[in-house]
Amino acid sequence: MTTFQLTFYIFAAAFLQITLFSLHAFYRHWQVYQGVKNRLSGFDPALPCEPVEDEILPIGTVENQPAWAGLRKFQVISKVIEDKSKSVCSFHLAPVDGKLLPQFKPGQFLTFELKITNPVSKERKKVIRCYSLSDRPGLDHYRVSIKRIQPPEKNANLPGGLASSHFHDAVKQGDVLDVRAPSGHFFMEASNRPVVLIAGGIGLTPMMSMLNTSLQVKSSQEIWLFYGVRNSADHVMKEHLESLAEEHPNFRLQICYSKPLAKDELGTDYQHKGRADINRLRLTLALKPYQFYICGPRNIKLETIVPALDEWGVPDQNIHYEAFGPASLSKPKPQKSLIQEEKNGAEPVMVTFSKSGKTITWDGSSDSLLELAESSGVNVESGCRAGGCGACQTTIENGEVEYSQSPDFDPEPGSCLLCISRPKRDLTLVV
Ligand code: FES
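Residues numbered from 1 in each chain as written. Predicted model: local features only at pLDDT ≥ 70, side-chain atom pairs only at ≥ 80, totals over all residues. Heavy atoms only, no water.

Trainee: Explain the packing of helix 3 (residues 204–216) against helix 4 (residues 238–247) to me, using residue names and the numbers behind them.
Mentor: Two elements in contact, helix 3 and helix 4, have axes separated by 12 Å at closest approach and are oriented at 30 degrees. Judged by the inter-axis angle, helix 3 sits roughly parallel to helix 4. Crossing geometry of helix 3 relative to helix 4 is assigned as left-handed. Across from Leu204, Met208, Leu211, Asn212 and Leu215 in helix 3, the residues of helix 4 making contact are His240, Leu241 and Leu244. Considered class by class, the residues forming the contact of helix 3 with helix 4 number six nonpolar, two polar and no charged. (Axes fitted to C-alpha atoms, helices over the stretch in contact; angles between N-to-C directions. Helix = DSSP H or I, 4+ residues; strand = E, 2+ residues; numbered from the N terminus. Parallel < 35°, antiparallel > 145°, perpendicular 65-115°, else oblique. Left-handed = near helix turned anticlockwise from the far one by under 90°. Contact = heavy atoms within 4.5 Å. Nonpolar A, V, L, I, M, F, W, Y, C, P; charged D, E, K, R; others polar.)

Trainee: Summarise helix 3; cite the residues concerned and give the values.
Mentor: Look at helix 3: 18 Å from first C-alpha to last across 13 residues, which is about the 18 Å you get at 1.5 Å a residue. Within helix 3, twelve of the 13 residues are buried, leaving the element largely enclosed by the surrounding structure. Positive phi appears at Lys218, one or two residues downstream of helix 3, with a value of about 55 degrees. (Expected span 1.5 Å × (residues − 1). Buried < 20%, exposed > 50% of the residue type's maximum accessible area, 1.4 Å probe, protein only.)

Trainee: Summarise the packing of aromatic side chains; cite the residues concerned and give the values.
Mentor: Here a ring pair, both rings aromatic, is described through the centre-centre distance and the interplanar angle of the planes. Enumeration over the complete set of coordinates arrives at eleven aromatic pairs. Ring plane angle 80 degrees and centroid distance 5.6 Å describe the contact between Phe104 and Tyr142, whose orientation is recorded as edge-to-face. Placement of the pair is Phe104 in the loop between strand 2 (88–95) and strand 3 (109–117) and Tyr142 in strand 5 (residues 142–147), with a sequence separation of 38 residues. A single burial state applies to Phe104 and to Tyr142, both of which are buried. Here Tyr290 and Phe292 contribute two aromatic rings whose centre-to-centre distance is 6.1 Å and whose plane-to-plane angle is 70 degrees, an arrangement assigned as edge-to-face. The same class applies to Tyr290 and to Phe292, which are both buried. Joined through ring pairs, the aromatic side chains of Trp68, Phe74, Phe104 and Tyr142 make up one cluster. It is Arg72 that lies over the ring of Trp68; its NZ or CZ is 5.0 Å from the centre. (Phe/Tyr/Trp six-rings, centres within 6.5 Å; stacked < 30°, edge-to-face > 60°. Lys NZ or Arg CZ within 6 Å of the ring centre and 35° of its normal.)

Trainee: Run through the sheet that holds strand 20 (residues 427–429), naming residues and quoting values.
Mentor: Taken together, five strands build an open sheet; the order of strands is 15-14-20-16-18 and the sheet is mixed. In this open sheet, the two strands that pair with only one neighbour each are strand 15 (358–362) and strand 18 (415–417). Each strand of the sheet is rotated relative to its neighbour by a mean of 35 degrees, with strand direction disregarded. Bridge analysis of strand 14 (residues 349–353) against strand 20 gives three bridges, and the strand direction is parallel. Counterpart to Val351 in the pairing with strand 20 is Leu427. (Pairing = 2+ DSSP bridges.)

Trainee: Talk me through the environment of Thr205; I want residue IDs and the actual numbers.
Mentor: Examined against the element boundaries, Thr205 turns out to sit in helix 3. C-alpha of Thr205 to C-alpha of Gly107: the two residues are 98 residues apart in sequence and 8.1 Å apart in space.

Trainee: Any details on helix 4? Residues and values, ideally.
Mentor: Residues of helix 4 that are buried include every one of Lys238, Leu241 and Leu244, and no others. One face of helix 4 carries all of its buried residues, which in axial projection span an arc of 135 degrees. Exposed side of helix 4, more than 90 degrees from the buried face: Glu239, Glu246 and Glu247 are the residues found there. Those residues of helix 4 hidden inside the fold are in contact with helix 3, strand 8 (223–229) and strand 9 (251–257). (Arc of directions from axis to C-beta.)

Trainee: For the nonpolar core, give the residues involved together with the corresponding values.
Mentor: Ranked by size, the top nonpolar core spans 28 residues in total, and within it Leu197, Met207, Leu211, Leu225 and Tyr227 carry the most contacts. The set of elements that each furnish at least two residues to this core consists of strand 7 (195–200), helix 3, strand 8, helix 4, strand 9 and strand 11 (291–297). Considering each element in turn, this core owes the most residues, six residues, to helix 3. (Core = buried A, V, L, I, M, F, W, Y, C linked by side-chain atoms within 4.5 Å.)

Trainee: How would you explain unusual backbone geometry if you had to name every residue and give the values?
Mentor: For Met237, which is not a glycine, the phi torsion comes out positive at approximately 55 degrees. By secondary structure assignment, the location of Met237 is in the loop between strand 8 and helix 4. For Met237, a relative accessible area of 5% gives the class buried.

Trainee: Explain the pattern of salt bridges to me, using residue names and the numbers behind them.
Mentor: Where charged atoms from two side chains of opposite charge approach closely, those side chains can pair. Applying the stated criterion across every chain yields a total of 14 salt bridges. Note that Glu381 is salt-bridged to Lys125, the shortest N-O span being 3.6 Å. Residue Glu381 is found in the loop between helix 8 (369–375) and strand 16 (393–398), and its partner Lys125 is found in strand 4 (residues 124–132); the two are separated by 256 residues along the sequence. Note that Arg385 is salt-bridged to Glu374, the shortest N-O span being 2.7 Å. Pair noted here: Arg385 is in the loop between helix 8 and strand 16 and Glu374 is in helix 8, with a separation of eleven residues, a long-range link. Judged by its relative accessible area of 16%, Arg385 is buried. Look at Glu374 and you get partly exposed, because its relative accessible area is 35%. (Salt bridge = Lys/Arg side-chain N within 4 Å of Asp/Glu carboxyl O.)

Quick look at the structure:
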């Protein structure tokens, strides 16, 4: 081979390489350009070909905005009993308008506006209740799982929970319900970080949404569920949980029975006798930067596990929690330092409930005006207790309030949401 030929081949190879590289770069830029063009023209081949309505967003909820305004009609497409004691029933709901079903964040809840006749007073009234979504987003229906609230043990003659009894006894397949858009600030963000879910009783429902969401994407995310319940009679979605644990090696199921029945088998029906408490967590979990999600009755879960995790050294930003009261969610207690600050503050303010004829000093020991009203014997409606449903909306006659978090529900001018409000100065409320 001559020098001329060798030089020719070297230049030809270099030219070929540059040409191929340029073509590849052009093709990639062309794809990006087409994607931008499609999005600008409103057509994205990745999205379903459904007309997009102004009032209903097709994908997810925009931060701090409900996926639809006001109430939307949903039909009960099926009812499914979820435990042996028949105390928990799931309701599968499809939108009556047949339009696209917006997504939500796993852990959020739906708000229902019901018309119920009180069995004692026979009065028919509007009742607002919030129930966690208990399945993953992305299906053609929503699911909520509702526990029937029993009358207090010492007073079995009293009626049980008004709304939960209504759902269990009166709501049938085919019925239509008024529902507000998914909302709530307790949810699991998409990530691959290791997660520990801790559920007590019906606190399982938002955890089911988180669990089903995480496992559906077939990620390798390490996810634990500690589920505390009395025994197999109250064990909700038992078969589903067991099949998830069998199918997904990254999912570790830890069932804790506090009062197992004679037929309940340790190691088969449940893994631990006792509660899902901090000792159980410390004995079971490795030292890892877990994200903890906790939901259950306030007195059992929040007042013990949250401070215990804190003492264990889990950073605040890794602890997420929500409390269940009877048929409602409750927002977390403010940090002690905030209460202390208010107690140390100069001027206590006076809160007057004008219809009830009560004036109470706000000393900062209540989380919200709703709690102050309840502890003072003032009757106030509530639902989500987290600024999402509007049940506690109350007219302000005089004074001013501030919110501890931004409301998801838009209160009418001149009114406030008591569950997330505190008085800024002396206040008169029409209640
Ligand atoms: S109770 Fe739902 S907004 Fe206050």
